[in-house]
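# Fold and geometry: a report
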Amino acid sequence: MIHMGEAVQTKESAPLQPLVSRIFLIGMSLFYISPIYWMFVTALKSDKELANFPPTLWPKEIVWGNFEQAPELSLSSPT
Amino acid sequence: MKKNRQRIISGDLRDLLLGLLFISPWIIGFFLFLVYPVLSNFHLGMTQYSGFGEPEWIGFRNYEELARDPLFWTSLYNTFYYVLLAVPLGVVVAIALAMAMNQKVREVTLYRALLYIPGIAPVFAVSMMLVWLLNPRFGLFNYLLGWLHIPAINWLGDSRWSKLAIVLVAQFGAGHIGLIFLTALRAIPGHLYDAASLDGAGHWRKFWYVTLPLLTPTILYDIIIGIGLGLQVFVPAYIMTGGGPLNSTMFTALYIYKNAFEYSRVGLAAAVSGILFVINAVLAVAIFWSSKYWVNYHLE
């Protein structure tokens, strides 16, 4: 009797466990990738959009200028 | 007979010398870059030294001054606070990740890669990103908390939250430890779970009586490494808060850095380094000693 009851229980929980794991993994992956995502998105935003509140999750207009300026800024000495 | 025995001993001696010769690159490096700096650091801790000129011997006066400096005690308190929070949380997060990665999820390799990325990114880069993410006005985290109707938290500007923000940064390394736990999970033979099932154990009991005991060697490793790194926590505090607000993130390593390179008190900084070294060594030995009561080496 006990064994039968348990067999039913494992049958029910078997497909559930990968689902819970998947949700957990997706959530944690999003959290872990957020610094890198935010780095690229911030690089593509205009200065004006950076000061927006609430922040935009994706740039309204993509600005490539930061990538053009970065090598110039790093080459010119700060003093 | 006697001659033969002598030859064996000299043969052993020759093997020993040859062996030492083979590992000499490591031995020389160990003494030159680890033993010598540690010993010379203790010597430096007994001197007054500004970084220029000659160190002046002053005996234990640095230690006396440290005992009177409230900031030193604050830094020790902050460091222990951080270690006590970050290390157990790191173990829990890593085990949870490893358990999830061990399930039959088809695209699991994708998650493994994504979770590993922050672990190989430089800590200073992750810290820089976190400064943006945790920004009270423009940051993503507070924006997401806003969705849950949680009021904005001034993560790095509020002394109640600043240490937690640093603990949060440390958790980005958990994907790396998670993979180590995953290999430990994979090493657990399936027949132990089958036996547990036959005895009527559910998921929770299987975890508690089979999985966790067999993970204890890995937990021991993680705790020792975590305490060693946690006591030296520096980069996130240096980048994100600079020790503030109200010295709430003034960790001992940051206290050492400020004394040595901002106030030119190298002798005092060396004394603190020595204290931190001794604390770390004592804790590591104590945990190793305690391991015989809770670590299960049954599989090995």
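Given the structure is predicted, the values throughout are model-derived calculations rather than measurements.

A few words now on the overall build of chain A. Counting its secondary structure elements, chain A contains three helices and zero strands. Counting across all 79 residues of chain A, residues that qualify as buried make up 24%. Within chain A, residue pairs in contact and separated by at least 24 positions form 6% of the contacts whose partners lie at least 6 positions apart.

The next thing to look at is the overall build of chain B. On a plain count of helices and strands, chain B comes out with 14 helices and two strands. Against the globule reference of 19 Å for 300 residues, chain B gives a C-alpha radius of gyration of 25 Å, more extended than a compact globule. For the C-alpha atoms alone, the extent of chain B along its principal axes is close to 70 × 65 × 30 Å. Scored against the burial criterion, the 300 residues of chain B give a buried share of 40%. Here the analysis covers contacts within chain B between residues at least 6 apart in sequence; of these, 67% occur between residues at least 24 apart. Of the accessible surface of chain B, which amounts to about 17,600 Å², a share of 69% is contributed by carbon and sulfur atoms.

Turning our attention to the interface of chain B and chain A. Facing 35 residues of chain B, the contacting portion of chain A comprises 28 residues. Counting the surface chain B buries against chain A, the share from its top three residues, B:Tyr111, B:Phe138 and B:Tyr143, is 18%. Connecting chain B to chain A are one salt bridge. Across the pair B:Glu107 and A:Arg22 runs a salt bridge, and its minimum N-O distance is 2.9 Å. Of all the secondary-structure elements, those providing two or more residues to the side of chain B that touches chain A are helix H4 (70-101), helix H5 (108-120), helix H6 (123-133), helix H7 (140-147), helix H8 (162-171) and helix H9 (174-186) of chain B. Ranked by residue count, the leading element in the side of chain B that touches chain A is H5(B), at six residues. Broken down by class, the residue content of the side of chain B that touches chain A amounts to 25 nonpolar, six polar and four charged.

Attention now goes to the packing of aromatic side chains. What describes a pair of aromatic rings is the distance from one ring centre to the other and the angle between the planes of the rings. The tally for this structure, following the rule as stated, stands at 22 aromatic pairs over all chains. Here the aromatic rings of B:Phe234 and B:Tyr257 are separated by 5.3 Å at their centres, their planes lie at 55°, and the arrangement is tilted. On the criterion of sequence distance, the pair formed by B:Phe234 in the loop between helix H11 (203-231) and helix H12 (235-240) and B:Tyr257 in helix H13 (residues 252-262) is long-range, its members being 23 residues apart. On the basis of relative accessible area, B:Phe234 is assigned to the partly exposed category, the value being 22%. Every member of this aromatic cluster is reached through a ring pair, and the members are A:Phe31, A:Tyr32, B:Phe141 and B:Phe172. Its guanidinium or amino end placed over the ring of B:Tyr81, B:Lys163 lies 4.9 Å from that ring's centre, counting from NZ or CZ.

Let us look at the pattern of salt bridges. Residues and elements named next belong to chain B. The tally for this structure, following the rule as stated, stands at three salt bridges over all chains. Among the salt bridges present, the one from Arg 265 reaches Glu 65, with a minimum N-O distance of 2.3 Å. Of the two residues, Arg 265 sits in the loop between H13 and helix H14 (266-294) while Glu 65 sits in helix H3 (residues 61-68), which places them 200 residues apart along the sequence. The partly exposed category is assigned to Glu 65, whose relative accessible area is 29%.

Per-residue pLDDT for chain B averages 88, and the proportion of residues at 70 or more is 96%. Mean pLDDT across the elements of chain B bottoms out in helix H1 (residues 2-22) of chain B (78) and peaks in H14(B) (94).

Next up on the list: unusual backbone geometry. All names here are of chain B. Located in the positive-phi region is His 149, a residue other than glycine, with phi close to 60°. Inspection of the secondary structure assignment puts His 149 in the loop between H7 and H8. The exposure class assigned to His 149 is exposed, which follows from its relative accessible area of 73%. With a phi angle near 60°, Asn 247 is a residue other than glycine that sits in the positive phi range. Mapped onto the fold, Asn 247 is located in the loop between H12 and H13.

Next up on the list: the environment of B:Ser162. Residues and elements named next belong to chain B. With respect to the secondary-structure elements, Ser 162 resides in helix H8. Measuring from C-alpha to C-alpha, the distance between Ser 162 and Ser 248 comes to 6.9 Å, with 86 residues separating the pair along the chain. The residues contacting Ser 162, other than those within four sequence positions of it, are Trp 155, Pro 245, Ser 248 and Thr 249.

Right, let's talk about the confidence of the model for chain A for a bit. Detail in the predicted coordinates should be disregarded across regions flagged by low pLDDT. Residues with a pLDDT of 70 or more make up 73% of chain A, whose mean pLDDT is 73. In this model residues 1-13 of chain A is a low-confidence stretch, pLDDT under 50, and it forms three contacts with partners more than four residues away in sequence or in other chains.

Relative to the assigned elements, A:Ser29 resides in helix H1 (residues 2-44). Leaving out residues up to four positions away in the same chain, A:Ser29 has contacts with B:Tyr111, B:Leu114 and B:Leu115.

Residues and elements named next belong to chain B. Packing of helix H10 (residues 190-198) against H11 brings their axes to within 10 Å, and their N-to-C directions diverge by 160°. Relative to H11, the element H10 lies roughly antiparallel. Judged by the twist between their axes, the crossing of H10 over H11 is right-handed. Here Leu 192, Tyr 193, Ala 196 and Ser 197 of H10 lie close against H11, whose contacting residues are Lys 206, Val 210, Thr 211 and Leu 214.

So, on to a nonpolar patch on the surface. Taken together, A:Tyr37, A:Leu57, A:Trp58, A:Ile62, A:Trp64, A:Phe67, B:Leu144, B:Trp147, B:Leu148 and B:Ile150 make up a surface patch of nonpolar side chains, about 1,000 Å² in accessible area. Within the secondary structure, A:Tyr37 sits in helix H1. Classification of A:Tyr37 by relative accessible area gives partly exposed; the value is 31%.

Cut-offs used in this document
- Residues numbered from 1 in each chain as written.
- Chains lettered and ligands numbered in written order.
- Predicted model: local features only at pLDDT ≥ 70, side-chain atom pairs only at ≥ 80, totals over all residues.
- Heavy atoms only, no water.
- Helix = DSSP H or I, 4+ residues; strand = E, 2+ residues; numbered from the N terminus.
- Buried < 20%, exposed > 50% of the residue type's maximum accessible area, 1.4 Å probe, protein only.
- Contact = heavy atoms within 4.5 Å.
- Rg over C-alpha atoms; globule rule 2.2 N^0.38 Å.
- Areas by Shrake-Rupley, 256 points an atom, 1.4 Å probe, with all protein chains shown as cover.
- Buried area = accessible area lost by both parts, 1.4 Å probe.
- Salt bridge = Lys/Arg side-chain N within 4 Å of Asp/Glu carboxyl O.
- Nonpolar A, V, L, I, M, F, W, Y, C, P; charged D, E, K, R; others polar.
- Phe/Tyr/Trp six-rings, centres within 6.5 Å; stacked < 30°, edge-to-face > 60°.
- Lys NZ or Arg CZ within 6 Å of the ring centre and 35° of its normal.
- pLDDT = per-residue confidence, 0-100.
- Axes fitted to C-alpha atoms, helices over the stretch in contact; angles between N-to-C directions.
- Parallel < 35°, antiparallel > 145°, perpendicular 65-115°, else oblique.
- Left-handed = near helix turned anticlockwise from the far one by under 90°.
- Patch = residues over 30% accessible without salt bridge, like charges linked within 9 Å, V, L, I, M, F, W, Y side chains within 5 Å.

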